[in-house]
Amino acid sequence: GAVNDKSSSSTIIPDNAGGLFNVHAFSGTPVLQRIGAGGIPGWTTPGISIDNVSGWGQYPRIAPDGAGGCVVAYFGPYGVLRAGRLNGGGSAQWSGTWVPLQSAYYAQAMEMVATTDQHFIVVWQSNNEVGDDLHAQRFDVQGALGAPEPVMTGVRDVRNDQGGRVRVSWNR
């Protein structure tokens, strides 16, 4: 189908069912569309409005979630970088729908990639009065920021257990 002339910042990924997901800013609102294998839009035009941030959704990006859906990241109101996960039917998969990832004032560009271990990395450039900066934020498929893997904080032998057992402590 034809691309609406009010759309911008469009990115696409395969949907692993022979079609694709497309995310773009439609009149300043981030919108997700699924295109089937036959080229037919899966949802009404222009697609599913990702958030009620009319006029504020900038640089939307998309990555596969490894389960037939996708993760969308974009700059929302007041320069806050936001992300959300949607299933193949377009339903939000995280409670609260959208997770604020980072304040990103003066943002100019953004890219997002999925890693092989169900994590995502968003990289963006900002230009402020100090100069150009490059920033990154990592989060997992559930929306937890940073490196959500537990970190061992201690390992101790269980005394007199006669079986070689240990007690393991971690931070999560």
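Here, the structure is the one placed above.
My aim in this report is to walk through the structure given alongside it, one point at a time. Nothing here was measured: the structure is a model prediction, and the numbers come from that model.

**Topic: the sheet that holds strand 11 (residues 131-140)**
Part 1 of the argument: Read across the sheet, three strands follow the order 9-10-11 without closing on themselves; strand pairing throughout is antiparallel. Edge positions in the open sheet fall to strand 9 (107-114) and strand 11, since each of these has one partner strand only. Between one strand axis and the next, the sheet turns by 15 degrees as a mean value, whatever way the strands run.
Part 2 of the argument: Here strand 10 (residues 119-128) pairs with strand 11 via ten bridges, running antiparallel. When the bridges of strand 11 are listed, H119 appears paired with D140.

**Points about a nonpolar patch on the surface**
Part 1 of the argument: Side chains of M152, V155, V166, V168 and W170 sit close together on the surface and give an oily, nonpolar patch of about 500 Å² of accessible area.
Part 2 of the argument: Of all the secondary structure elements, the ones that give two or more residues to the nonpolar patch are strand 12 (152-157) and strand 13 (166-170).
Part 3 of the argument: Top contributing element to the nonpolar patch by residue count: strand 13, with three residues.
Part 4 of the argument: By secondary structure assignment, the location of M152 is in strand 12.
Part 5 of the argument: Given the relative accessible area of 56%, M152 is considered exposed.

**A few points about the pairing of strand 10**
Part 1 of the argument: Relative to strand 10, strand 9 runs antiparallel, the two being bridged by seven bridges. Paired with M110 across the bridge in strand 10 is W124.
Part 2 of the argument: Adjacent in sequence and paired antiparallel, strand 9 and strand 10 are bridged by four residues, among which Q118 carries a positive phi angle near 60 degrees.
Part 3 of the argument: Following strand 10, the chain reverses through two residues before pairing antiparallel with strand 11.

Cut-offs applied
Residues numbered from 1 in each chain as written. Predicted model: local features only at pLDDT ≥ 70, side-chain atom pairs only at ≥ 80, totals over all residues. Heavy atoms only, no water. Pairing = 2+ DSSP bridges. Helix = DSSP H or I, 4+ residues; strand = E, 2+ residues; numbered from the N terminus. Axes fitted to C-alpha atoms, helices over the stretch in contact; angles between N-to-C directions. Patch = residues over 30% accessible without salt bridge, like charges linked within 9 Å, V, L, I, M, F, W, Y side chains within 5 Å. Areas by Shrake-Rupley, 256 points an atom, 1.4 Å probe, with all protein chains shown as cover. Salt bridge = Lys/Arg side-chain N within 4 Å of Asp/Glu carboxyl O. Buried < 20%, exposed > 50% of the residue type's maximum accessible area, 1.4 Å probe, protein only.

Structural measurements only, silent on function.
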